[in-house]
Amino acid sequence: SPRKFPHTEGNLNSDLISFLMELAEYENIVGRNVFKSNAYKTAASVLASHPKRIASGEEAAKLKGIGKKIALKIDEFLATGKLEKLEKIRGDETSTALKELARVSGVGPTKARQLYDEGITTIEQLRGNPEKLTHHQRIGLKYLEEFEQSIPRAEIEALEGALRRSLSALPEPITLTICGSYRRGKETSGDIDVLLCVKSSLDGNATSTEDPKTAKEKHGKKFEDKNLLSRIVNLLEQDKIVTDTLSLGDTKFMGVCRLSDDTPHRRLDIRLLSPDQFHCGVLYFTGSGLFNKEMRSVALSAGFTLNEYSIRPVGSTGVAGEPLPVTCERDIFDYIGMDYKEPHERNM
Ligand code: DCP
Ligand code: MG
Ligand code: MN
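Predicted model only: the values in this text are computed from it and were never measured. (Residues numbered from 1 in each chain as written. Chains lettered and ligands numbered in written order. Predicted model: local features only at pLDDT ≥ 70, side-chain atom pairs only at ≥ 80, totals over all residues. Heavy atoms only, no water.)

Quick notes on empty space enclosed by the protein
Logical step 1: Overall, the coordinates contain 2 cavities of 30 Å³ or more when judged by the stated rule.
Logical step 2: Lining the largest cavity are Leu195, Thr251, Lys252, Arg271, Leu272, Leu273, Gly281, Tyr284, Phe285, Glu308 and Tyr309.
Logical step 3: For the lining of the largest cavity, the secondary structure elements donating two or more residues are β7 (266–273) and α15 (278–286).
Logical step 4: By residue class, the composition of the lining of the largest cavity is 6 nonpolar, 2 polar and 3 charged.
Logical step 5: Taken together, Cys280, Leu283, Tyr284, Asn292, Met295, Arg296, Leu306, Asn307 and Glu308 make up the lining of the second largest cavity.
Logical step 6: At the level of elements, α15 and α16 (289–301) are the ones that each hand at least two residues to the lining of the second largest cavity.
Logical step 7: When the residues that make up the lining of the second largest cavity are grouped by side-chain class, the tally is 5 nonpolar, 2 polar and 2 charged. (1 Å grid on protein atoms, 1.4 Å probe; cavity = no way out; pocket = protein on both sides within 12 Å on 5 of 7 lines; lining within 4 Å. Points joined across faces, edges and corners; volume = space filled by probe spheres on them. Helix = DSSP H or I, 4+ residues; strand = E, 2+ residues; numbered from the N terminus. Nonpolar A, V, L, I, M, F, W, Y, C, P; charged D, E, K, R; others polar.)

Right, dumping it as structure tokens:
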């Protein structure tokens with residue numbers, strides 16, 4: 001999602017949270033070290049939900065998710081009002097260029113470095129060299145400023161109505177759930193995450209010449225109508241909701257949408273799931289990313305493996321078994337012995 005820094009205004013530790021998020025961004029884009037980046041993000045999220053002002057590194061280190069190295073940085077910041085490491089990073093031309101290039105949707109740390117090595121250091125230069133970019137990255141460049149604007153909740157509500165009206169023209173019944181930060185109750189979002197659920201024609205309706213059981217084993221749980229998602233996207237294009245496609249597969253769409261001519265273009269993600277995958281899909285797609293990471297590790301400790309499609313027991317041999325039946329999100333929490341958390345309690 002395009003916004004890199006969470007809303008921290010008014011938080012008691014907002015100054016600490018923002019330097020940690022700046023370090024997280026640096027480790028991700030410049031350092032290309034996801035582990036270090038996640039450590040800073042986790043520390044920032046821990047402080048964001050801490051009810052008191054942190055007075056020392058020692059006090060911070062008592063919190064789960066904040067280690068010694070970060071505690072030392074907190075001490076330095078509290079004593080001097082800045083961080084030597086960040087001052088250097090801010091003055092470094094390479095870091096500045098890489099971060100600038102990574103503003104473009106589809107340009108990750110590796111692509112940014114590659115462009116930089118080819119002498120591209122600014123967005124302006126990128127605009128002059130579109131041949132260096134993929135289709136996704138060109139669209140990202142085209143809507144750069146629009147994608148960086150956060151989306152008010154009311155706009156997503158209106159879009160939800162428009163999507164439902166549009167989808168009602170399809171012959172098959174389809175359920176729509178908007179997930180992501182919107183479902184977690186956030187007042188603004190970076191993009192729109194739509195989960196669609198359609199009854200797979202593989203259960204029951206065996207019109208294919210291939211034995212359904214064989215087909216399922218071969219392809220996993222997929223839709224017989226492979227064109228369903230592209231039919232959906234066509235419909236949304238006709239109805240002037242979808243304006244561009246970044247990528248389109250059988251079950252995943254990444255693209256661009258717009259509520260009206262008076263609102264900015266917005267990033268839209270759509271996933272199409274079968275009913276047996278729906279609740280694991282909603283859980284995953286609701287996030288937050290850090291919450292998912294935490295929940296997956298609780299699941300593993302309890303002997304389960306959890307992903308966006310299913311929860312499966314892990315046997316003593318380490319081999320995952322068959323997906324367990326799931327009738328609601330709560331079932332997944334129950335399996336792994338975790339207290340149920342409402343979506344708005346998953347904002348870590
Ligand atoms: N997700 C995840 N791990 C990732 C990316 C995504 O677990 N690496 C899951 C959790 C996210 C959800 O997908 O909440 C949607 O991803 P987004 O990037 O759209 O993130 P959010 O919707 O949470 O925030 P934003 O408002 O920035 O879009
Ligand atoms: Mg989102
Ligand atoms: Mn998204």
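More follows now that the structure is in view.
Points about the UniProt feature "domain: Helix-hairpin-helix DNA-binding motif class" (unreviewed entry) in the protein
Logical step 1: Those residues carrying the UniProt feature "domain: Helix-hairpin-helix DNA-binding motif class" (unreviewed entry) are residues 58–77 and 99–118 in this numbering.
Logical step 2: Summarising residues 58–77: 70% helix, 0% strand, and an end-to-end C-alpha distance of 13 Å.
Logical step 3: Overall, residues 99–118 shows 60% helix and 0% strand. The separation of its end C-alpha atoms is 16 Å. (UniProt positions renumbered as here; feature names shortened; annotations may be inferred.)

Details of helix α9 (residues 135–142)
Logical step 1: Within the sequence span of α9, burial applies to His136, Gln137, Ile139, Gly140 and Leu141.
Logical step 2: In this fold, the buried residues of α9 make contact with α7 (109–117), α8 (123–127), α10 (144–147), β5 (242–248) and β6 (252–257). (Buried < 20%, exposed > 50% of the residue type's maximum accessible area, 1.4 Å probe, protein only. Contact = heavy atoms within 4.5 Å.)

A word on the coordination of the magnesium ion (ligand 2)
Logical step 1: Taken together, Asp191 (OD) and Asp193 (OD) make up the full set of protein donors to the magnesium ion (ligand 2), lying 1.9 to 2.1 Å away.
Logical step 2: The distance between the magnesium ion (ligand 2) and the manganese ion (ligand 3) comes to 3.5 Å, with Asp191 serving as a donor to both metals.
Logical step 3: Residue class for Asp193 comes out buried when judged on its relative accessible area of 9%. (Donors = N, O, S within 2.8 Å, 3.2 Å for Na, K, Ca; no water.)

Details of the coordination of the manganese ion (ligand 3)
Logical step 1: Taken together, the protein ligands of the manganese ion (ligand 3) are Asp191 (OD), Asp193 (OD) and Asp269 (OD), with distances of 2.0 to 2.5 Å.
Logical step 2: Here the donor residues of the manganese ion (ligand 3) are spaced in sequence according to D-x1-D-x75-D.

Focus on the confidence of the model for the protein
Logical step 1: Counting all residues, the mean pLDDT for the protein is 92, and 91% of those residues have values of 70 or more.
Logical step 2: Contacts of residues 201–210 to residues separated by more than four positions or lying in other chains number 14 contacts, the stretch itself having pLDDT below 50.
Logical step 3: Contacts for the low-pLDDT stretch residues 214–220, under 50 throughout, to residues beyond four places or in other chains number 6 contacts.
Logical step 4: Predicted as a complex, the structure gets a pTM of 0.90 and an ipTM equal to 0.99. (pLDDT = per-residue confidence, 0-100.)

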